[in-house]
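Fold and contact review
Okay, here's what each chain looks like letter by letter:
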Amino acid sequence: MKIFLDTTDITAIAQLSETGLVDGITTNPSLVAKSGQNFEVLLREICTLIKGPVSAEVTAPDHATMLKEAFHLAKIAPNIVIKVPMTQEGLKTCKVLSDQNIMVNVTLCFSALQALLAAKAGATFISPFVGRLDDIGLDGLDLIADIREIYDNYPAFKTEILVASIRNPAHVLASAKLGADVVTIPPDIFSKMFKHPLTDIGLDIFEKDWEKTKQQILKA
Ligand code: G3P
């Protein structure tokens, strides 16, 4: 399973990409607003740090303008993925872009039928938002299971399931068990995934026991 970071925080991207475990980045207009930075400057900076897919979202509501924005953003770097909304205009744009081998991430997916249409439009990624479905009393992970089942029924579909709106490590675990291709997660959740209290306790015991041996692996 690929791990993307859902962030525009350059410091976090730089630091966490050093693990070698970050496969890509997703951004959205809200994250750009939160950063307070210029969108294009931000994307250029991210693309110098990350060679995998970097999602950049168009903001126009109509197909013609969306397409112009998409071509403009796609020129920034070869690893830019154009993010389009899950609307009729968005999927029309997705089809044109995917026919030209430009990667597309269809965002704001809340139903399996939407995911089916996105795959037909040639989306590289579909982004179902699990946390926002949980927020309204539904189970967002049911959507992941449904999309997985549908995509597996049609091997010609090459669209990857990119689970978004992830709110906790349990969402990541469940997504992996359901066979999601990608999770996009905020940096703090990524950091939490490394941790277990028993790892810390065990490490502490090993350190203390190692001191008793008075040995050093690297001699001074
Ligand atoms: O990138 C889109 C998505 O991950 C947003 O998450 O927490 O705002 O629902 P959230």
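Notes on the structure in this doc start here. Bear in mind that the values here come from a model prediction, so they are computed numbers and not experimental data.

Looking at the secondary structure, you find I185 in strand β8 (residues 182–185). What makes I185 buried here is its relative accessible area of 0%. Residues in contact with I185, not counting those within four places in the same chain, are I3, F4, L5, D6, I166, V172, F190 and M193.

Another point: the site of the ligand. Neighbouring residues of the ligand: D6, N28, K83, F129, R132, A164, S165 and R167. At 2.7 Å from an oxygen atom of the ligand is found a side-chain nitrogen or oxygen belonging to S165. If the ligand stood free it would expose 310 Å²; the protein chains cover 81% of that surface. Here the ligand occupies the largest pocket. Residues belonging to the shell around the ligand are distributed by class as follows: 2 nonpolar, 2 polar and 4 charged.

All right, on to the sheet that holds β8 then. The pairing of strands in a sheet happens through backbone hydrogen bonds and is either parallel or antiparallel. Ordered by their spatial adjacency, 8 strands build a closed barrel running β1-β2-β3-β4-β5-β6-β7-β8, and the pairing between neighbours is parallel. Sheet twist, expressed as the mean angle between neighbouring strand axes with direction ignored, is 30 degrees. The strands touched by helix α4 (residues 63–74) are β3 (54–57) and β4 (80–85); relative to β4, the strand with the most contacts, the crossing angle is about 160 degrees.

Attention now moves to the packing of helix α6 (residues 112–120) against helix α8 (residues 140–153). Packed helices, taken two at a time, are described by their axes: the angle between them and the distance between them. The contact between α6 and α8 brings their axes to 9 Å, and the two run at 40 degrees. For the element pair α6 / α8, the angle class is oblique. You can see that α6 and α8 cross each other, and the crossing is right-handed. Between α6 and α8, the contacting residues are A112, A115, L116 and A119 on the first element and L143, D146, I147, I150 and Y151 on the second. Tallied by class, residues from the contact of α6 with α8 come to 8 nonpolar, no polar and 1 charged.

Before going further, it helps to spend a moment on the pattern of salt bridges. The full count for this structure, using the stated rule, is 9 salt bridges. For the salt bridge of R148 with D152, the shortest nitrogen-to-oxygen distance reads 3.2 Å. Pair noted here: R148 and D152 are both in helix α8, with a separation of 4 residues, about one helical turn. Of the residues examined, R148 reaches a relative accessible area of 15% and is grouped as buried. The network of salt bridges with common partners includes R148, D152 and D181.

Moving on to unusual backbone geometry. Positive phi is not limited to glycine here, since L108 has a value of about 60 degrees. Topologically, L108 is positioned in strand β5 (residues 104–109). Look at L108 and you get partly exposed, because its relative accessible area is 33%.

Definitions and cut-offs
Residues numbered from 1 in each chain as written. Predicted model: local features only at pLDDT ≥ 70, side-chain atom pairs only at ≥ 80, totals over all residues. Heavy atoms only, no water. Helix = DSSP H or I, 4+ residues; strand = E, 2+ residues; numbered from the N terminus. Buried < 20%, exposed > 50% of the residue type's maximum accessible area, 1.4 Å probe, protein only. Contact = heavy atoms within 4.5 Å. Near = heavy atom within 4 Å. Polar contact = N/O pair within 3.5 Å; in protein donor to acceptor, adjacent residues only side chain to side chain. Areas by Shrake-Rupley, 256 points an atom, 1.4 Å probe, with all protein chains shown as cover. 1 Å grid on protein atoms, 1.4 Å probe; cavity = no way out; pocket = protein on both sides within 12 Å on 5 of 7 lines; lining within 4 Å. Sits in = over half its atoms within 2 Å of the grid points. Nonpolar A, V, L, I, M, F, W, Y, C, P; charged D, E, K, R; others polar. Pairing = 2+ DSSP bridges. Axes fitted to C-alpha atoms, helices over the stretch in contact; angles between N-to-C directions. Parallel < 35°, antiparallel > 145°, perpendicular 65-115°, else oblique. Left-handed = near helix turned anticlockwise from the far one by under 90°. Salt bridge = Lys/Arg side-chain N within 4 Å of Asp/Glu carboxyl O.

All we've got here are geometric facts, nothing functional implied.
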